[in-house]
Amino acid sequence: FLLIFILNFKSIYLEKKKYFFNFFVYWLFGFYVYLLLNSLFLNLNYFNNFQEYLGDQKSIIFFFRYILYFVGVWYLFDKIEDLKRLLLISLSLTILIIAVDAFYQYFTDINFLGYKKIVSHRLSGIFKDELILGSYLFRIYFIFLSLFIFLNDLSQTKNLYIFLIVGTLFGTLIFLSGERSAFLLFIFSNLILFIFLKFLKLKFLLKFFTLLMSFIIIFSLTDTNIQQRMIFTTVEDVYDEKKNKVFFFTKVHHGHYMSAKLMLRENPFLGVGTKRFKTECKKTKYYHYTNRCANHPHNYYVQLFSETGIFGGSFLIFIYLFLIKLLIFSFYKVKNYDYSLVLLIGLLAMFWPIAPHGNFFNNWLIMNSIICLSLYFHFSYKKL
């Protein structure tokens, strides 16, 4: 996309008012400048030379690439009429391959590429030793659904039932992946979708959740491993009966969050420095529980507030409130653009504050969100 951006720079620049002079680009640029300054002022002295610094902080230094990525993807959607159809076909094939492979691994303990299950109650599928199958499916679900609604007439019963089957497939696989937060967010976001999407009726909602819950109950009753992971372990992780103590998600997550809170308390305005949680959490002054350390605290908001302080965390809070405003505005002011609402609801679910997340600076996670935003702007630029 960077190459495409460079090759089409002249064309994009001629429409600079559209592609560059908009709120989201301003926000991304401001956020990038703050991250870069925070990194330079707080992190540079921790490394012996600039090469070491660059190796650790390259995702921060080159964060500006996401601005180009956002503009480039938006431009392609505008200029290539068939791109949405081709992307839907590509996603459909990808989902089919991943689904067949994941079910094969579930029933045989090994997938088509020879990757064995890492643990008995989790599926990794084509992702080998990375347990991100559920998270991946959850994130591409909204792009797929938005394109499907845009390219198909949902007043036709046939298309509604395709939507029903695909949604059930996504939900079942996310459940079997053992990713609890992805599954709960999938259920939550679908409830919101049924509230906002005008073509969906209560009868369809009942069919969808009846079918999905039927598969979930069947797998739960016939598989003690998934039953233990998704039900009993979840309860045990949240509540320690012996100590009569409730944790945020799990004891491990709770430890991360409490250590991050101590970092923010001591460094309220600037935080401890971008990507510094992994080293700062080892210090005694930030001690909280045995499992207090990780590469990141597994929550976007906790990560940004602890590493970049109130100023950095406020950027994320602000954009989340902006997305809520867009959702409300789109629902009341824009008629018959359900495919845009799907993308907004997806983004709000992905960045839901009270949920475990991956690393905020993970390249794929950011790129997925940028594709959602680029597609949303493509659909809605002149309609809002």
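So, here is what we can say about the structure in this document. (Residues numbered from 1 in each chain as written. Predicted model: local features only at pLDDT ≥ 70, side-chain atom pairs only at ≥ 80, totals over all residues. Heavy atoms only, no water.)

Re the packing of aromatic side chains
Next, step 1: In this structure the tally under the stated criterion is 49 aromatic pairs.
Next, step 2: Between the aromatic rings of Phe 249 and Tyr 257, the centroid separation amounts to 6.3 Å while the plane-to-plane angle is 90°, which identifies the pairing as edge-to-face. (Phe/Tyr/Trp six-rings, centres within 6.5 Å; stacked < 30°, edge-to-face > 60°.)

Considerations on the side chain of Glu 280
Next, step 1: Along the chain, Glu 280 turns up in helix α14 (residues 277-280).
Next, step 2: Separated by 3.0 Å, the side chains of Glu 280 and Lys 283 make a polar contact.
Next, step 3: Other than its neighbours up to four places away in sequence, Glu 280 contacts Tyr 46, Met 263, Val 272 and Tyr 286. (Helix = DSSP H or I, 4+ residues; strand = E, 2+ residues; numbered from the N terminus. Polar contact = N/O pair within 3.5 Å; in protein donor to acceptor, adjacent residues only side chain to side chain. Contact = heavy atoms within 4.5 Å.)

Re helix α10 (residues 180-196)
Next, step 1: Helix length check: α10 (17 residues) gives 25 Å between terminal C-alpha atoms against 24 Å at 1.5 Å per residue, within 8%.
Next, step 2: Three or more residues of α10 are buried, namely Arg 180, Ala 182, Phe 183, Leu 185, Phe 186, Ile 187, Ser 189, Asn 190, Leu 193, Phe 194 and Phe 196. (Expected span 1.5 Å × (residues − 1). Buried < 20%, exposed > 50% of the residue type's maximum accessible area, 1.4 Å probe, protein only.)

Focus: the state of the cysteines
Next, step 1: Throughout the structure, instances matching the rule amount to one disulfide.
Next, step 2: Here Cys 281 is linked by a disulfide to Cys 293, with a sulfur-sulfur distance of 2.0 Å. Sign of the S-S torsion, about 115° for the bond between Cys 281 and Cys 293, identifies this disulfide as right-handed. Highlighted residues: Cys 281 in the loop between α14 and α15 (300-333) and Cys 293 in the loop between α14 and α15, separated in sequence by 12 residues. (Disulfide = S-S within 2.5 Å.)

Things to note about the packing of helix α9 (residues 157-176) against helix α11 (residues 202-222)
Next, step 1: Relative to each other, α9 and α11 sit at 35°, their axes nearing to 10 Å. Regarding α9 and α11, the two cross each other, and that crossing is right-handed. Contact residues: α9 offers Leu 160, Tyr 161, Phe 163, Leu 164, Gly 167, Thr 168, Gly 171, Thr 172, Phe 175 and Leu 176, while α11 offers Phe 204, Lys 207, Phe 208, Leu 211, Leu 212, Phe 215, Ile 216, Phe 219 and Ser 220.
Next, step 2: Class assignment for the residues of the contact of α9 with α11 results in 13 nonpolar, five polar and one charged. (Axes fitted to C-alpha atoms, helices over the stretch in contact; angles between N-to-C directions. Left-handed = near helix turned anticlockwise from the far one by under 90°. Nonpolar A, V, L, I, M, F, W, Y, C, P; charged D, E, K, R; others polar.)

Some words on the environment of Glu 15
Next, step 1: If you trace the backbone, Glu 15 turns up in the loop between α2 (9-14) and α3 (16-19).
Next, step 2: Judged by its relative accessible area of 28%, Glu 15 is partly exposed.
Next, step 3: When the C-alpha atoms of Glu 15 and Phe 361 are compared, they prove to be 30 Å apart, with 346 residues separating the residues in sequence.
Next, step 4: A polar side-chain atom of Glu 15 sits 3.0 Å from a polar atom in the side chain of Lys 79.

A look at the side chain of Asn 43
Next, step 1: One can find Asn 43 in helix α4 (residues 23-43).
Next, step 2: Reaching out from Asn 43, the side chain makes a polar contact with the side chain of Thr 274 at a distance of 2.9 Å.
Next, step 3: Ignoring any residue separated from it by four or fewer positions in sequence, one finds Asn 43 in contact with Asn 38, Tyr 53, Gln 57, Val 272, Gly 273, Thr 274 and Arg 276.

A few points about α11
Next, step 1: If you check α11, its first and last C-alpha atoms are 30 Å apart, about what 21 residues at 1.5 Å a residue would give, namely 30 Å.
Next, step 2: Looking at the packing, one finds that the buried side of α11 touches α7 (83-108), α9, α10 and α12 (224-238).

As for unusual backbone geometry
Next, step 1: Of note in this structure, Lys 128 is not a glycine but carries a positive phi near 60°.
Next, step 2: On the secondary structure map, Lys 128 appears in the loop between α7 and α8 (133-151).
Next, step 3: Despite not being glycine, Lys 275 has its phi angle at roughly 60°, a positive value.
Next, step 4: Within the element layout of this structure, Lys 275 appears in the loop between α13 (251-266) and α14.

Quick notes on the pattern of salt bridges
Next, step 1: One pass over the full model with this rule turns up nine salt bridges.
Next, step 2: Close ionic contact of Glu 266 with Lys 285 constitutes a salt bridge, the shortest N to O distance being 2.8 Å. Pair noted here: Glu 266 is in helix α13 and Lys 285 is in the loop between α14 and α15, with a separation of 19 residues, a long-range link.
Next, step 3: A relative accessible area of 43% places Glu 266 in the partly exposed class.
Next, step 4: Residues Glu 280 and Arg 276 are paired through a salt bridge, measuring 3.3 Å at the closest nitrogen-oxygen approach. Per residue, the accessibility class of Glu 280 equals that of Arg 276, and both read buried. (Salt bridge = Lys/Arg side-chain N within 4 Å of Asp/Glu carboxyl O.)

Looking at the packing of α4 against helix α5 (residues 50-61)
Next, step 1: Packing of α4 against α5 brings their axes to within 10 Å, and their N-to-C directions diverge by 160°. With respect to each other, α4 and α5 are oriented roughly antiparallel. Considering the relative orientation of α4 and α5, their crossing is right-handed. Across the interface between the two elements, Tyr 32, Leu 35, Leu 36, Ser 39, Leu 40 and Asn 43 of α4 pack against Tyr 53, Gln 57, Ile 60 and Ile 61 of α5.
Next, step 2: Taken together, the residues of the contact of α4 with α5 break down into seven nonpolar, three polar and no charged. (Parallel < 35°, antiparallel > 145°, perpendicular 65-115°, else oblique.)

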